[in-house]
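Fold and contact review
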Amino acid sequence: PQITGVQPYHINSDEDTTHAYKGPNADETMFRSSDHDPILVGLKLSSDHTGLDDCYVTMQDGKPVLFGAEGGFFQLYNINGQVVTQGTISSAQEVLPITLPRGFYIFCVSVGNDIQPIKIVVH
């Protein structure tokens, strides 16, 4: 009951050789961050309800839109764990001023003592 989903993330194993690890054509994007396709597993490890249980993210014209976290703070991480952007959430429906390229991202949203991680995949 703590597993919310399982899915392979086709990031690397079927990429062609132009995305090399080393050499003059070395690719430092997410498409060479691993030598295999990782399996993403969604977990909900706590049964405690927080003020962020209804928080979610959608995409609108390539920009992420956060819902249900007014007055909070967010950090957006890329597949390599680097912070892409961060900021405060001033409204119940916050359109972030960033266009995301294809990839896998994790939002870490916090309001008060409540923290909610949200994964998104941009196709």
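A brief report on the enclosed structure follows.

**Quick word on the nonpolar core**
Membership of the largest hydrophobic core comes to 17 residues, with the highest contact counts inside it found for Leu66, Phe74, Leu100, Phe107, Val109, Ile118 and Ile120. Secondary-structure elements contributing two or more residues to this core are strand E5 (73-77), strand E8 (103-111) and strand E9 (114-122). Excluding anything up to four places from it in sequence, leucine 66 contacts Tyr56, Val57, Phe74, Ile89, Ala92, Gln93, Glu94, Leu96, Phe107 and Val109.

**Structural notes on the environment of serine 91**
Within the secondary structure, serine 91 is located in the loop between strand E6 (83-88) and strand E7 (93-95). According to the relative accessible area criterion, serine 91 is partly exposed, its value standing at 26%. In this structure, the C-alpha to C-alpha distance between serine 91 and glycine 72, residues 19 residues apart in sequence, is 9.2 Å.

**What about the sheet that holds E9?**
Reading across from one edge, E6-E5-E8-E9 is the order of the four strands in this open sheet, with antiparallel pairing throughout. Since the sheet does not close on itself, it has two edges, and those belong to E6 and E9, each with one partner. For this sheet, the mean inter-axis angle between neighbouring strands, taken without regard to orientation, is 15 degrees. Bridging between E5 and E8 involves five bridges; their strand directions are antiparallel. Looking at the pairing, leucine 76 lines up with phenylalanine 107 of E8.

**A short note on the pairing of E6**
Direction of pairing for E5 relative to E6: antiparallel, over a ladder of five bridges. Pairing of phenylalanine 73 across the sheet is with threonine 88, part of E6. What sits between the antiparallel neighbours E5 and E6 is a turn of five residues, in which glycine 81 has the positive phi angle 85 degrees.

**Observations regarding the sheet that holds strand E4 (residues 63-67)**
Strands pair in a sheet through their backbones, by hydrogen bonds, and they do so in one of two ways: parallel or antiparallel. If you walk across this open sheet you meet the three strands as E3-E4-E7, and the pairing is antiparallel. Edge strands, defined here as strands with exactly one partner in the open sheet, are strand E3 (56-60) and E7. Put simply, the sheet's adjacent strands are angled 25 degrees from each other on average, direction ignored. Bridge count between E3 and E4: five bridges; the pairing is antiparallel. When the sheet's bridge partners are listed, tyrosine 56 is paired in E4 with phenylalanine 67.

Definitions and cut-offs
Residues numbered from 1 in each chain as written. Predicted model: local features only at pLDDT ≥ 70, side-chain atom pairs only at ≥ 80, totals over all residues. Heavy atoms only, no water. Core = buried A, V, L, I, M, F, W, Y, C linked by side-chain atoms within 4.5 Å. Buried < 20%, exposed > 50% of the residue type's maximum accessible area, 1.4 Å probe, protein only. Helix = DSSP H or I, 4+ residues; strand = E, 2+ residues; numbered from the N terminus. Contact = heavy atoms within 4.5 Å. Pairing = 2+ DSSP bridges. Axes fitted to C-alpha atoms, helices over the stretch in contact; angles between N-to-C directions.

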